[in-house]
Each structure stands twice: as C-alpha cells, then as structure tokens.
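# Structural features, examined
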Amino acid sequence: TLASRFRLERVRPRVWQSSLFPLHMGEAYGEYDTKAASVFIAAKAHPEAQLTRGKGRKPDHNRADAVCLAMFAHRVYVPTGFDRPADRRTRKEGK
C-alpha cells in the first residue's frame with residue numbers, strides 16, 4: 001500500500017511551530033497562543049484551505065495545525081537538493 005512506503009516520525013509541536021511561526025507572532029498573539037498563530041499562518045499560506053467546520057465562521061485550530069504540519073513536512077522531507085535530513089547527515093559524514 002501507499003502508506004507502507006512512509007515511516008512514522010513523531011515531531012513535538014514546538015519543533016514544527018518554531019520553524020513556521022515568525023518571531024513576531026509571540027508579540028502579536030501572546031507568547032503561548034499557538035492556536036491563533038497556527039490559524040493565521042495556515043490561512044495566509046493556504047487561503048483555499050477549509051479551516052472552518054460545517055457552516056461555522058470561526059476557524060478550527062485543529063484543521064490549521066494539520067495544514068501547518070503538512071507545510072512543515074514539505075519543508076523538511078520533500079527532496080529539493082540537500083534539504084532532507086538524511087542528505088544533511090550524509091553530507092556531514094562525507095559520503
């Protein structure tokens with residue numbers, strides 16, 4: 001199956017949040033309001049994403065987190081030259 005070709009890697013929220021949320025987000029939304037920051041980043045980067053549930057008007061931070069996690073995974077794991085973690089490791093080892 002398609003899923004068997006991928007490995008599961010757990011990423012702590014602070015890891016992907018620190019890579020996506022600009023430093024000024026803490027000033028704009030309060031240091032610990034990562035939910036609002038996630039909604040803001042997801043809506044800016046992907047305005048076509050459906051961030052509301054049903055007929056609701058308020059964006060759902062869980063859906064925004066899913067968009068942000070996909071953005072993080074794309075930045076980290078999609079092969080674009082030496083951007084993948086395995087390539088960085090290989091380059092450091094001189095292989």
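This text follows the structure it describes.
Quick summary incoming for the structure in this document. Here the residue numbering is sequential within each chain, running from 1 through the sequence in written order. Only residues with pLDDT of at least 70 get local features here, since the model is predicted, and only at 80 or more are side-chain atom pairs given and counted; chain-wide, interface and lining totals rely on the full set of residues. Note that the side-chain values use all heavy atoms of the structure and ignore hydrogens as well as water.

## Some points on the environment of Asn62
Turning to its location among the elements, Asn62 is positioned in helix H4 (residues 61–77). For Asn62, a relative accessible area of 42% gives the class partly exposed. In the structure, Asn62 is positioned eleven residues away from Leu51 in sequence and 8.5 Å away in space, judged by C-alpha atoms. In DSSP terms, a helix is any run of H or I states spanning at least four residues, a strand is any run of E spanning at least two, and both are numbered starting from the N terminus. Each residue gets one of three labels from its accessible area relative to the maximum for its type: buried under 20%, exposed over 50%, partly exposed in between, using a 1.4 Å probe on protein chains only.

## Regarding the packing of helix H1 (residues 13–20) against H4
The geometry of a pair of packed helices is captured by two quantities: the angle between their axes and the separation between those axes. Look at H1 against H4: their axes get within 10 Å of each other, and the N-to-C directions meet at 80°. For the element pair H1 / H4, the angle class is roughly perpendicular. Of H4, the residues touching H1 (which contributes Val15, Trp16, Ser19 and Leu20) are Asp65, Cys68, Leu69, Met71, Phe72 and Arg75. When grouped by side-chain class, the residues that make up the contact of H1 with H4 number seven nonpolar, one polar and two charged. Axis definition: a line fitted to C-alpha atoms, over the contacting stretch in the case of helices. Angles run 0 to 180 degrees between N-to-C directions. Angles are sorted into four bins: roughly parallel if under 35 degrees, roughly antiparallel if over 145, roughly perpendicular if 65 to 115, and oblique for all others. It only takes one pair of heavy atoms within 4.5 Å for two residues to be counted as in contact. For this classification, Asp, Glu, Lys and Arg are treated as charged, while Ala, Val, Leu, Ile, Met, Phe, Trp, Tyr, Cys and Pro are nonpolar and the rest, including Gly, are polar.

## Description of H4
Residue pairs spaced three or four apart in an α-helix point in one direction, given the helix's 3.6 residues per turn. The first and last C-alpha atoms of H4 sit 24 Å apart over 17 residues, in line with the 24 Å expected at 1.5 Å per residue. Along H4, the residues that are buried comprise Ala64, Val67, Cys68, Met71, Phe72 and Val76. One side of H4 carries all its buried residues, which in axial view fall inside an arc of 165°. Under the convention used throughout, the expected extent of a helix is 1.5 Å for every residue step, that is, one less than its residue count. This arc is built from the directions going out from the helix axis to the C-beta atoms.

## Section: the nonpolar core
Here, nonpolar core refers to any group of buried Ala, Val, Leu, Ile, Met, Phe, Trp, Tyr and Cys residues whose side-chain atoms link them within 4.5 Å. Counting residues in hydrophobic clusters, the biggest one holds 14 residues, and the most contacted among them are Trp16, Leu20, Phe21, Ala42 and Cys68. At the level of secondary structure, the elements contributing two or more residues to this core comprise H1, helix H3 (34–45) and H4. The element best represented in this core is H4, accounting for six residues. Apart from residues lying up to four places away in sequence, Trp16 is in contact with Val11, Phe21, Ser38, Asp65, Cys68, Leu69 and Phe72.

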